[in-house]
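# A structural walkthrough
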Amino acid sequence: MPELPILQPSDVTLMIKPVGALCNLDCTYCYYLPTKSIYDVPEHRMKLATLEAIFAGYLPRAADQVMICWQGGEPTLAGLDFFRRMIEVQEKYRRPTQRVSHALQTNGTLLDKEWCDFLRQNGFLVGLSLDGGVGFHNEYRLDNAGHGTHEQVTQGLQLLRDRGVEHNILCVLNDKNVRQPKQLYQYMLGLGEDWLQFIPAIEWEVDPARPGKNRLASYSPPPRAYGKFLCEVFDIWFEKHRDRVSIRIFDAVLNKLVHDQMPFCILDGSCHTQMTIEHDGAVFGCDHFIERRWQLAQIGEPAWRNPMDISGDQRVGITIHGDGYKPNSELSGRDIFGAEDLQERYTALELGDRIDAGWIDRVERQRTGAFAARKQRLPEKCLSCEWQRLCYGGCPKHRPSGGEVEETTMLCEAYLMFYGHAMERFEWLASYLRREEQPPPPAPTPQPAVRTAPMTANADARVGRNDPCPCGSGKKYKKCCGGL
């Protein structure tokens, strides 16, 4: 097995899941809800002793610039008091010269002014999940009663904007919205959003026709459709918006060409840049593989050792969507702890709960190396590919066997299409950036400027060419934003 830079506290990003799989939504394509089945009890709440141990073990040896990502489930279900306490703990262990930044991924439905003010004051970067206009978004992003959530999410987006919270949009591409790249992209621009991520929902389900095999889930985007999406969005971005709109995968490719660093783990050479910490203190190498076989450590249990064998030709069970989490009736509010309960936890912690600051030294090296190296199990097709350094076989999760055998990503066709279509223009942009110069801006066009669309349920991406443009200009769609 090759030597790899594995999980060094100075260069790894922490992803913390304070409520585990707990969520107030039940999105059809969610890969994370089924992970609740690995726990013996239904309690999905991080103890304050665990929270403090994370910072006590990590911050003293981390780099001067630290990014911590908060995800779920829905992390805002931990409540504002939990996050306020987190800031206190951070300041307790942070070095004077150390800057700690935070990113929070949310469905946005529980945000209010108090939340937004806290996020702004503490410099959080908020990723908001929005899959397009009401028709696209409500296809799969449903609440636990099966209702669409577009209106609640766009209300949360408006709050973020009104309260000055730095944010971006994460759009999950599925089998429906991936087929309308121009409409989806213009919808995001019509909202006035210039920081975008498009993430394909590559999920697996058991193939009944082939025992022991997996097939692509019905809601996942077909590889060719995803490749076409990237190509068409890139064409518009390059011709019109390359000087003001950030699209994560485009930025990542440019970063690799200019600095030879890939900030997007899906396209990097190994799985070694992240640690995911569950609500109970279980440590994993990636949130896409929350499986006991790949657990690396257990915060709060110094004697813990993973009993599962990682040697031999064993398949990893692929996490697929189950029935969804059905919350208890008392979990309908914004704070799953409650002020009184949280104060009791504070008091207990202050009275001497043991803080396990040494957990990071117990991360299993052999297991982290094995986990990181799975991405390098590539067939000859990948090893001889001209785009290998911009893909490395993609994410192991996007391979039918989860990285356990030599196989290509399901998105191979998409990447081949995209890089073959766009690389000459990427290289042109990179030639300026290598010289620390800004590339020439797009040539001016007679098209009207994109306006901010009203964020209502009627701002649907599925608008006809002769319908009023959803940006609110009063013109027909084909004469306005439809000209993108």
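Model, not experiment: these values are computed from the prediction. (Residues numbered from 1 in each chain as written. Predicted model: local features only at pLDDT ≥ 70, side-chain atom pairs only at ≥ 80, totals over all residues. Heavy atoms only, no water.)

## Section: the overall build of the chain
Just so we agree on the cut-off: Think of it this way: any DSSP run of H or I at least four residues long counts as a helix, any run of E at least two long counts as a strand, and we number them from the N terminus. Pairs of residues are marked as contacts when any of their non-hydrogen atoms sit within 4.5 Å. Note on areas: Shrake-Rupley with a 1.4 Å probe; residue coverage comes only from the protein chains shown.
Summing up its helical and strand segments, the chain has 12 helices and 12 strands in all. If you take every contact in the chain between residues at least 6 apart in sequence, the share linking residues at least 24 apart comes to 73%. Per element, the accessible surface of the chain, about 20800 Å² overall, is 49% carbon and sulfur.

## Topic: the pairing of strand β4 (residues 124-129)
The following threshold applies: Summary of the burial criterion: residues with accessible area below 20% of their type's maximum are buried, those above 50% are exposed, and those between are partly exposed, where the area comes from a 1.4 Å probe applied to protein chains only. For two strands to count as paired, DSSP must find a minimum of two bridges between them. Whether a crossover is right-handed comes down to one check: with the strands pointing away from the viewer, does the path from the first strand over the helix to the second run clockwise; if it does, it is right-handed.
Of all the 6 residues making up β4, 5 are buried; the element is thus mostly covered by neighbouring parts of the structure. Summarising the sheet, strand β3 (residues 99-106) and β4 pair through 5 bridges and their orientation is parallel. Bridge assignment links Ala103 to a residue of β4, and that residue is Leu125. With helix α3 (residues 113-121) bridging β3 and its parallel neighbour β4, the resulting β-α-β unit is right-handed. In terms of strand pairing, β4 meets strand β5 (residues 167-173) through 4 bridges, oriented parallel. Bridge pairing in β5 links Ser129 to Leu170.

## Overview of the environment of Phe426
The topology assignment puts Phe426 in helix α12 (residues 412-434). With 172 residues separating them along the chain, Phe426 and Leu254 place their C-alpha atoms 6.7 Å apart. Not counting residues within four places of it along the chain, the set of residues in contact with Phe426 comprises Phe234, Phe250, Val253, Leu254, Leu257 and Phe418.

## Things to note about the packing of aromatic side chains
For any pair of aromatic rings, the description rests on two quantities: the centre-to-centre distance and the angle between the ring planes. Defined as follows: A pair of aromatic rings is counted whenever rings of Phe, Tyr or Trp (Trp by its six-membered ring) have centres within 6.5 Å, and the orientation is called stacked for planes under 30 degrees apart, edge-to-face for over 60 and tilted otherwise. Any Lys NZ or Arg CZ that is within 6 Å of a ring centre and within 35 degrees of that ring's normal is treated as a charge sitting over the ring.
Evaluated as defined, the whole model comprises 25 aromatic pairs. Centre to centre, the rings of Phe289 and Phe371 are 5.9 Å apart; their planes meet at 80°, and the pair counts as edge-to-face. Linking Phe289 in the loop between β11 (282-284) and β12 (295-298) with Phe371 in helix α10 (residues 365-373), this pair joins segments that are 82 residues apart in sequence. Each member of the pair, Phe289 as well as Phe371, carries the same accessibility label: buried. Ring plane angle 65° and centroid distance 5.4 Å describe the contact between Trp294 and Phe371, whose orientation is recorded as edge-to-face. Of this pair, Trp294 sits in the loop between β11 and β12 while Phe371 sits in helix α10; the two residues are 77 residues apart in sequence, bridging distant segments of the chain. The residues Trp294 and Phe371 share a single accessibility class, namely buried. Of the aromatic side chains, those joined through ring pairs into one cluster are Phe234, Trp237, Phe238, Phe250, Trp387, Tyr415, Phe418, Tyr419, Phe426, Trp428 and Tyr432. The ring of Trp294 has Arg374 lying over it, and the distance from NZ or CZ to the ring centre is 5.1 Å.

## Observations regarding helix α1 (residues 48-58)
Counting buried residues in α1 gives 11 out of 11 residues, a clear majority hidden from the surface. Every buried residue of α1 is accounted for by Leu48, Ala49, Thr50, Leu51, Glu52, Ala53, Ile54, Phe55, Ala56, Gly57 and Tyr58.

## Side note on the sheet that holds β5
Our working definition: To get an axis, a line is fitted to the C-alpha atoms, and for a helix only the part in contact is used. The angle between two axes follows their N-to-C directions and goes from 0 to 180 degrees.
Spatial ordering of the open sheet is given by β9-β6-β5-β4-β3-β2-β1-β10-β11-β12, a layout of 10 strands whose pairing is mixed. At either margin of the open sheet sits one strand with a lone partner, and together these are β9 (246-247) and β12. Of the strand pairs in this sheet, strand β6 (residues 195-200) and β9 are connected by 2 bridges, and their pairing is parallel. Looking across to β9, one finds that Leu196 is bridged to Ile247. Along the sheet, helix α5 (residues 150-162) contacts β4 and β5; its crossing angle with β4, the most-contacted strand, is approximately 155°.

## Looking at the environment of Tyr140
Our working definition: Polar contact is defined as a pair of N or O atoms within 3.5 Å, subject to the rule that within protein one atom must be able to donate a hydrogen and the other to accept it, and that residues adjacent in sequence are counted only when both atoms are side-chain atoms.
Assignment of secondary structure puts Tyr140 in helix α4 (residues 134-140). The spatial distance from the C-alpha of Tyr140 to the C-alpha of Asn174 is 8.7 Å, given a sequence separation of 34 residues. Those residues within four positions of Tyr140 in sequence are excluded, and the remaining contacts are Asp26, Cys27, Thr28, Tyr29, Asn174, Asp175, Lys176 and Tyr219. Side-chain polar atoms of Tyr140 contact the side chain of Asp175, separated by 2.6 Å.

## A short note on the side chain of Arg367
Along the polypeptide, Arg367 turns up in helix α10. Given the relative accessible area of 4%, Arg367 is considered buried. At a separation of 2.7 Å, a polar atom in the side chain of Arg367 contacts the main-chain carbonyl oxygen of Arg293. The residues touching Arg367, leaving out its near neighbours within four places in the chain, are Arg293, Trp294, Gln295, Leu296, Asn306, Met308 and Ile310.

## Quick look at the pattern of salt bridges
The condition that has to hold: Basic side-chain nitrogens of Lys or Arg form a salt bridge, by our definition, when they fall within 4 Å of a carboxyl oxygen of Asp or Glu.
Following the criterion strictly, the structure yields 26 salt bridges and no others. Measuring nitrogen to oxygen at the nearest pair gives 3.1 Å for the salt bridge that ties Asp260 to Lys256. According to the relative accessible area criterion, Asp260 is exposed, its value standing at 54%. Glu404 serves as the salt-bridge partner of Arg293, at 3.3 Å between the closest nitrogen and oxygen. Of this pair, Arg293 sits in the loop between β11 and β12 while Glu404 is found in the loop between α11 (380-383) and α12, placing the two residues 111 residues apart along the sequence. You can call Arg293 buried: its relative accessible area is 7%. Residues participating in the shared-partner salt-bridge network are Asp81, Arg84 and Glu114.

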